[in-house]
Amino acid sequence: MSTENSANVSRRQFITGAATAVAGLTVAPGVFLLKTAGAANGADPATRWGLLIDTSKCADGCTACVRACHEENGVRSLGRPKTDAQWIRKVTLTERETGHQHSLPVMCQHCEKPPCVDVCPTKASFIRPDGIVLVNKHTCIGCRYCMMACPYKARSFIHEPLTDQKPHAPRGKGTVESCTLCVHKVDRGEGTTACVEACNKDGHRAMVFGDLNDPSSEISRRLRQEGSSAIRADLRLNPAVRYQGI
Amino acid sequence: MRPGFAQFGLALPALLLAGLALMLTGCGKVEAPAPHLVLEARGDQCVEPTDVIRRNHMEILMHERDEAKLYGRRNPDHSFVGCVDCHVSPTASRDDPATHFCMACHQFNAVRMDCFQCHTDRPSDDAPTKRSADLEESIERHLALQADGIETVQEISTP
Amino acid sequence: MTVKTHFREIEGRSPGYLALLAGLLVLVGLGLLAAVLKGTYGHHITGMNNQVVWGLPHIFAIFLIVAASGALNAASFASVFGRVAYKPMARLSGLLAMTLLIGGLVILVLDLGRPDRLVVAMTHYNFKSIFAWNIFLYTGFLAVVAVYLWFMMERRMNRYVPVAGYTAFLWRLILTTGTGSIFGFLVAREAYDAAILAPMFIAMSFSLGMAVFILVVMATFAGTERPLGDLILRRMKNLLGIFVAGVLYFVLAYHLTNLYATRLHGIEAFVLLNGGIYTFLFWFVQMGLGSILPLVLLFHPVWSQSRRVIAAAAGLVIAGGLAQLYVIVIGGQAYPLDLFPGHDMSSSFFDGVVGTYTPSLPELMLGLGGTAFAFLLLAVVMKFLRILPTSLADDKVDPHVSSTPSTAQSAPAGA
């Protein structure tokens, strides 16, 4: 039996390879064709993906980014606001001394030194080589320690069984999740996130996505020219999400 | 030894023997229940030969999932979404294992898998490219067999 | 001259004992039911939410773990500090430490979002996480104390008891430091991120462990009608008073230091003034009922003579400990994160507002189930192993005291 197999190995490999190519092209043309050279090798450690949010352009009452993110990732409200997951939210700020108000979106800040990664007992909360902080739900045991540790309250716990998840965004009961910086879009080479896309489409153009380590990217140029700050910068976590106007 | 313990001396071996006898009665020709008609897979061929994929799909999936999740190295040939898109019927559900390609075998073999607690358990119907001509053909064949009164794979005569 | 202590299994046939086992089994069953419900329907059936992620089960679990570490007190006093009077109770002390820890761990594991992934937790470690270290520390503690117990119970291993005793004592100190550091290491929240939390938890372990131990000793000796002398009881109640004072010291140091920092005035006002339930629990239960009143009761020249008073004081200390954990764990989470100092925040994700948390029945069931499991284990093991000494009468405890016909007479006044 084994000799028969080994004699046919090279022929089988050829047929398998050819059939796989055909099957791949037939079954998942969207994924296959959009694959670019960068994404093919996985997360590039020379890259650092980040967001720049100009809060002066952020319109009060506009939730385009929130709706787009939740639509893209299949995050649905289950009618229980206290336990519903939210990957991104609009925060309205009122300065106590002056009464000045403005709003801005807050999501996982994708810190360079994430406290959530430090405290996770199983390494489920981890930072990818390209700076995106994710939860590996295969290893997450649902202890919620990362939720205690996050200085930005960015994480949500899934409190009930879920169905009809988006294929590119698996989510399940008993695990923790947060903004993935649309890692599925990033890996496809689309170079944007759902929130940034929606903000641009709506004409506000308050958000920019890009490679912080690439000096020629739009985000790097704007950061160099205009400057930025981070939420809770005193914690020295060096987040990848930068803000202007806070 | 406390008085009255001697009578337990015989009871314990007797109980063990009885238990053994009961277990042995369970041995015998196992009639496997006929697997239900699960929608035929789309595409020309699976990404790996049948005997390879049948034995090793777990290792392949585990390896690829770690690569994809931790390092972003996604292999479209071994994508889990790809498996579901090809093999699982759009109307299948993880709650009704008889209709679901993966759950049917897993339930019969009592091999626990929790993939579908997080991953969607059916091909997404919002991407028209996924509902290829293959899928429509598959569904037609499936419905035709059911209309002929054939409900289980065993009822299909193999040529 | 050492007094030879006789240990004997408890009879375990009285209706009272069987009723106790039945009651504990019912509670354990309810706890398992709660865990199954949670596993089926998800955590939304509990009161825990995305703002307050750890709730009542964690209060019970942390209490049990801290008390477990402290329950080893008596054994440590005997083996490490050479207090001969505690030697007869060393086995009970070790066993109680193990069972309390097991009860706490059971609650923690069953409360996980994915308890079926326990094997993952035990094979994937992130050694920067104090949680991961705690998994080692907790299981290691069980192993160390098991060995310690064996050395105490096996005559030919008795000479190794001091080594095991020192190891267990050091281990429990590291373990409790780890438990306190779960909160002490969190930079995100203003109530945490303090180095003092680790030693404060050590002080709590001494106090809560002693309180639980006193109650267990009184209950088991009363239940088995074995003599319990006033001498040992007086020593334990004095120690309990000192430990309660120790916790009070750390609480004072923590709050006074926080009050000095303007940026922490928000959280201090929340706990001390306007936090609603948390303020009530802090002042009335933790400080009043759980610290001041027990101190008065335990050091009062007349009242502290009565066993009922001592038991009541121990019970109050336990209530105070639970309240303290509630304020630390839940109050610390409820207070909103200050993302933008000087600004008021509002959002759909409950930013800027105090997180609401109402304990729910499944959580209470789970917490009580784990506690009941701890005591069920204790009760069952005591029936099969020689854990409990036959007598803790004064003459058995202290060879210098002459044996008196009645062990019920109260000892001379003096705390």
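Residues numbered from 1 in each chain as written. Chains lettered and ligands numbered in written order. Predicted model: local features only at pLDDT ≥ 70, side-chain atom pairs only at ≥ 80, totals over all residues. Heavy atoms only, no water.

1. A few points about the overall build of chain B
Right, on to step 1. Helix and strand counts for chain B come out as 6 helices and 0 strands.
Right, on to step 2. A separation threshold of at least 6 residues defines the contact pool for chain B, and within that pool the share at least 24 residues apart is 67%.
Right, on to step 3. When the accessible area of chain B is evaluated, it comes to approximately 10800 Å², of which 61% is carbon and sulfur surface. (Helix = DSSP H or I, 4+ residues; strand = E, 2+ residues; numbered from the N terminus. Contact = heavy atoms within 4.5 Å. Areas by Shrake-Rupley, 256 points an atom, 1.4 Å probe, with all protein chains shown as cover.)

2. A short note on the overall build of chain A
Right, on to step 1. Counting secondary structure elements, chain A contains 10 helices and 9 strands.
Right, on to step 2. Expressed as a percentage of the 246 residues in chain A, the buried residues total 59%.
Right, on to step 3. Considering only intrachain contacts with a sequence separation of at least 6, the fraction spanning at least 24 residues in chain A is 61%. (Buried < 20%, exposed > 50% of the residue type's maximum accessible area, 1.4 Å probe, protein only.)

3. Overview of the sheet that holds strand β1 (residues 49–54) of chain A
Residue and element names in this part refer to chain A.
Right, on to step 1. Taking strand neighbours across the sheet as the criterion, the 3 strands line up as β8-β1-β9 in an open arrangement whose pairing is mixed. Only two strands of the sheet have a single neighbouring strand rather than two, namely β8 (207–211) and β9 (241–244). Averaged over all pairs of adjacent strands, the angle between strand axes in this sheet comes to 20°, irrespective of strand direction.
Right, on to step 2. Taken together, the 5 bridges between β1 and β8 define a ladder with antiparallel strand orientation. Residue pairing across strands places isoleucine 53 opposite methionine 207, the latter belonging to β8. (Pairing = 2+ DSSP bridges. Axes fitted to C-alpha atoms, helices over the stretch in contact; angles between N-to-C directions.)

4. A closer look at the side chain of glutamine 244 of chain A
Residues and elements named next belong to chain A.
Right, on to step 1. Secondary-structure assignment places glutamine 244 in strand β9.
Right, on to step 2. Separated by 3.0 Å, the side chains of glutamine 244 and glutamate 226 make a polar contact.
Right, on to step 3. Leaving out residues up to four positions away in the same chain, glutamine 244 has contacts with Leu52, Ile53, Asp54, Thr55, Ser56, Arg222, Glu226, Gly227 and Ser228. (Polar contact = N/O pair within 3.5 Å; in protein donor to acceptor, adjacent residues only side chain to side chain.)

5. Focus: the confidence of the model for chain A
All names here are of chain A.
Right, on to step 1. With 85% of its residues at a pLDDT of 70 or more, chain A has an overall mean of 88.
Right, on to step 2. In this model residues 1–5 is a low-confidence stretch, pLDDT under 50, and it forms 0 contacts with partners more than four residues away in sequence or in other chains.
Right, on to step 3. Every residue in residues 28–39 scores below 50 in pLDDT, and together they form 14 contacts with partners more than four places removed in sequence or on other chains. (pLDDT = per-residue confidence, 0-100.)

6. Re the packing of helix α9 (residues 230–260) of chain C against helix α11 (residues 277–299) of chain C
Residue and element names in this part refer to chain C.
Right, on to step 1. Where α9 contacts α11, the two axes come as close as 9 Å, and the packing angle between them is 145°. When the axes of α9 and α11 are compared, the crossing they make is left-handed. Contact with α9, carried on its side by Lys237, Asn238, Leu240, Gly241, Ile242, Val244, Ala245, Leu248, Val251 and His255, involves Phe282, Gln286, Met287, Gly290, Ser291, Ile292, Leu295, Leu298 and Phe299 of α11 and no other residues of that element.
Right, on to step 2. Residue classes in the contact of α9 with α11 are distributed as 12 nonpolar, 6 polar and 1 charged. (Left-handed = near helix turned anticlockwise from the far one by under 90°. Nonpolar A, V, L, I, M, F, W, Y, C, P; charged D, E, K, R; others polar.)

7. Some remarks on the packing of aromatic side chains
Right, on to step 1. As enumerated under the stated definition, the model contains 27 aromatic pairs over all chains in all.
Right, on to step 2. With centroids separated by 5.9 Å and ring planes inclined at 50°, the aromatic side chains of phenylalanine 151 of chain C and tyrosine 160 of chain C adopt a geometry described as tilted.
Right, on to step 3. A relative accessible area of 12% means that phenylalanine 151 of chain C is categorised as buried.
Right, on to step 4. Tyrosine 160 of chain C gets classed as partly exposed once you look at its relative accessible area, which sits at 36%.
Right, on to step 5. Among the aromatic residues, those joined into a ring-pair cluster are Tyr145 of chain A together with Trp54, Phe131, Phe183, Tyr192 and Phe201 of chain C.
Right, on to step 6. Taking the ring centre of phenylalanine 157 of chain A as reference, the NZ or CZ of arginine 144 of chain A above it sits at 5.0 Å.
Right, on to step 7. Cation over ring: arginine 91 of chain C sits above phenylalanine 7 of chain C, and NZ or CZ is 3.7 Å from the ring centre. (Phe/Tyr/Trp six-rings, centres within 6.5 Å; stacked < 30°, edge-to-face > 60°. Lys NZ or Arg CZ within 6 Å of the ring centre and 35° of its normal.)

8. Focus on the interface of chain A and chain C
Right, on to step 1. Every contact between the two is made by 53 residues of chain A and, on the other side, 53 residues of chain C.
Right, on to step 2. Across the chain A to chain C interface the summed buried area is about 4800 Å²; carbon plus sulfur atoms make up 56%.
Right, on to step 3. Viewed at the interface, chain C and chain A are joined by 4 salt bridges.
Right, on to step 4. For lysine 128 of chain C, the salt bridge goes to aspartate 118 of chain A, with nearest N and O atoms at 3.1 Å.
Right, on to step 5. The interface formed by chain A and chain C includes 40 residue pairs in polar contact (both at pLDDT 80 or more).
Right, on to step 6. Residue assignment for the side of chain A that touches chain C shows that the elements contributing at least two residues are β2 (88–95), β3 (101–107), α6 (115–119), α7 (145–149) and β6 (156–157) of chain A.
Right, on to step 7. Considering each element in turn, the side of chain A that touches chain C owes the most residues, 7 residues, to β2 of chain A.
Right, on to step 8. Grouping the constituent residues of the side of chain A that touches chain C by class yields 25 nonpolar, 12 polar and 16 charged.
Right, on to step 9. Pairing between β2 of chain A and strand β1 (residues 343–347) of chain C: 5 bridges, direction antiparallel. (Buried area = accessible area lost by both parts, 1.4 Å probe. Salt bridge = Lys/Arg side-chain N within 4 Å of Asp/Glu carboxyl O.)

9. Here we look at helix α6 (residues 130–153) of chain C
Because the α-helix completes a turn every 3.6 residues, residues three or four places apart line up on one side.
Right, on to step 1. With 24 residues, α6 of chain C extends 34 Å between its outermost C-alpha atoms, agreeing within 8% with the 34 Å of an ideal straight helix rising 1.5 Å per residue.
Right, on to step 2. The residue sitting at the N-terminus of α6 of chain C and contributing the capping side-chain oxygen is serine 129 of chain C; that oxygen lies 3.1 Å from the backbone nitrogen of phenylalanine 131 of chain C. (Expected span 1.5 Å × (residues − 1).)

10. Quick look at helix α3 (residues 80–87) of chain B
Residue and element names in this part refer to chain B.
Right, on to step 1. Within α3, 6 of the 8 residues are buried, which leaves the element mostly enclosed by the surrounding structure.
Right, on to step 2. Looking at α3, one finds that the buried residues are Phe80, Gly82, Val84, Asp85, Cys86 and His87.
Right, on to step 3. Between the side-chain oxygen at the start of α3 and the backbone nitrogen of valine 81 there is a gap of 3.3 Å, and the oxygen is on serine 79.

11. Comments concerning the sheet that holds β3 of chain A
Strand pairing in a sheet relies on backbone hydrogen bonds, with the paired strands running either antiparallel or parallel.
Right, on to step 1. Strand order in the open sheet formed by 3 strands is β3(A)-β2(A)-β1(C), and the pairing between neighbours is antiparallel. Looking at the sheet topology across the chains shown, the edges are occupied by β3 of chain A together with β1 of chain C. Taken pair by pair, the neighbouring strands of this sheet meet at an average axis angle of 30°, ignoring direction.
Right, on to step 2. Packed on one face of the sheet, helix α5 (residues 64–73) of chain A meets β2 and β3 of chain A and runs near 160° to β2 of chain A.

12. A look at a nonpolar patch on the surface
Residue and element names in this part refer to chain C.
Right, on to step 1. The grouping of Ile292, Leu293, Val296, Val302 and Trp303 at the surface amounts to a nonpolar patch, some 450 Å² of accessible area in total.
Right, on to step 2. By secondary structure assignment, the location of valine 296 is in helix α11.
Right, on to step 3. Judged by relative accessible area, which is 39%, valine 296 ranks as partly exposed. (Patch = residues over 30% accessible without salt bridge, like charges linked within 9 Å, V, L, I, M, F, W, Y side chains within 5 Å.)

13. With respect to the pattern of salt bridges
Right, on to step 1. Scanning the model with the defined rule gives 29 salt bridges over all chains in all.
Right, on to step 2. Two residues, lysine 185 of chain A and glutamate 190 of chain A, come together in a salt bridge whose shortest N-O distance is 3.2 Å.
Right, on to step 3. Three or more residues joined by partner-sharing salt bridges are found here, namely Arg112 and Asp114 of chain B together with Arg114, Asp116 and Arg117 of chain C.

14. Some points on the nonpolar core
Nonpolar side chains in soluble globular proteins tend to end up buried together.
Right, on to step 1. The biggest cluster of nonpolar side chains holds 200 residues, and the ones touching the most others in it are Tyr145 and Met207 of chain A together with Tyr86 and Phe183 of chain C.
Right, on to step 2. If you tally residues by element for this core, the top one is helix α8 (residues 197–223) of chain C, at 17 residues.
Right, on to step 3. Excluding residues that lie within four positions of it along the chain, tyrosine 86 of chain C makes contacts with Ala74, Phe77, Ala78, Met210, Ile232, Arg235, Met236 and Leu239 of chain C. (Core = buried A, V, L, I, M, F, W, Y, C linked by side-chain atoms within 4.5 Å.)

15. Description of the packing of helix α7 (residues 161–184) of chain C against α8 of chain C
Residue and element names in this part refer to chain C.
Right, on to step 1. Between α7 and α8, the shortest axis-to-axis distance is 7 Å and the interhelical angle comes to 125°. The angle between α7 and α8 places the two elements in the oblique class. Relative to α8, the crossing made by α7 is right-handed. Between α7 and α8, the residues in contact are Phe169, Arg172, Leu173, Thr176, Thr177, Thr179, Gly180, Ser181, Phe183 and Gly184 and Leu197, Ala198, Phe201, Ile202, Ser205 and Phe206, respectively. (Parallel < 35°, antiparallel > 145°, perpendicular 65-115°, else oblique.)

16. Looking at unusual backbone geometry
What you tend to see is this: most non-glycine residues have negative phi, and most peptide bonds are trans.
All names here are of chain A.
Right, on to step 1. The backbone phi angle of histidine 110 is positive, close to 45°, even though this residue is not glycine.
Right, on to step 2. For histidine 110, the location among the structural elements is in the loop between β3 and α6.
Right, on to step 3. Overall, histidine 110 belongs to the buried group, its relative accessible area being 0%.

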